[in-house]
Amino acid sequence: MNKAELINAAAEKAGLSKKDTEAVITAAIDVITAALCEGEKVQLVGFGSFETKNRAARIGRNPRTKEQINIPASKIPVFKAGKALKDTVSK
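Residues numbered from 1 in each chain as written. Predicted model: local features only at pLDDT ≥ 70, side-chain atom pairs only at ≥ 80, totals over all residues. Heavy atoms only, no water.

**Things to note about the side chain of Thr21**
At step 1: Along the chain, the position of Thr21 falls in helix α2 (residues 18–37).
At step 2: Those residues in contact with Thr21 that lie beyond four places of it in its chain are Ile7, Ala10, Ala11 and Leu16. (Helix = DSSP H or I, 4+ residues; strand = E, 2+ residues; numbered from the N terminus. Contact = heavy atoms within 4.5 Å.)

**Quick word on the environment of Gln43**
At step 1: Structurally, Gln43 is set in strand β1 (residues 42–44).
At step 2: Note on Gln43: relative accessible area 57%, which makes it exposed.
At step 3: C-alpha of Gln43 to C-alpha of Arg55: the two residues are 12 residues apart in sequence and 21 Å apart in space.
At step 4: Ignoring any residue separated from it by four or fewer positions in sequence, one finds Gln43 in contact with Gly48 and Ser49. (Buried < 20%, exposed > 50% of the residue type's maximum accessible area, 1.4 Å probe, protein only.)

**Overview of the side chain of Ser49**
At step 1: Note on placement: Ser49 falls in strand β2 (residues 48–55).
At step 2: In this structure, Ser49 is in contact with Lys41, Val42, Gln43, Val78, Phe79 and Lys80, ignoring residues within four places of it in sequence.

**So, the sheet that holds β2**
Two modes of strand pairing occur in sheets, parallel and antiparallel, and in both the strands are linked by backbone hydrogen bonds.
At step 1: With antiparallel pairing, 3 strands are arranged side by side in an open sheet as β1-β2-β5. The outermost strands of the open sheet, each flanked by one partner alone, are β1 and β5 (74–81). When strand polarity is set aside, the average angle formed by the axes of neighbouring strands in this sheet is 25°.
At step 2: Of the strand pairs in this sheet, β1 and β2 are connected by 3 bridges, and their pairing is antiparallel. Each bridged residue has a counterpart across the sheet, and for Gln43 the counterpart in β2 is Ser49.
At step 3: Its contacts with the sheet place α2 against β1, β2 and β5, and it is angled at close to 35° to β2. (Pairing = 2+ DSSP bridges. Axes fitted to C-alpha atoms, helices over the stretch in contact; angles between N-to-C directions.)

Remember that the coordinates give geometry; whether it matters functionally is a separate question.
As structure tokens, this is what we get:
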């Protein structure tokens with residue numbers, strides 16, 4: 001499911017217009033993204049939590065030339081599914 005399909009499904013389920021639903025979903029994604037950029041954790045009870053983790057610098061290898069490459073440290077977003085979501089999906 002892509003973003004457009006998500007908007008259509010949510011609009012139908014909520015009985016809202018697609019335009020209003022798109023605005024809400026886009027705003028929610030923007031708020032979550034902004035919070036993660038500030039290093040905050042976003043927890044949606046029953047669904048899951050979004051947070052960032054630091055990935056240490058490491059040495060990688062170019063598979064074509066076998067040359068070593070320095071991979072810099074980075075901050076990555078991580079999603080951890082909540083218990084209710086896990087239970088629902090596993091049924």
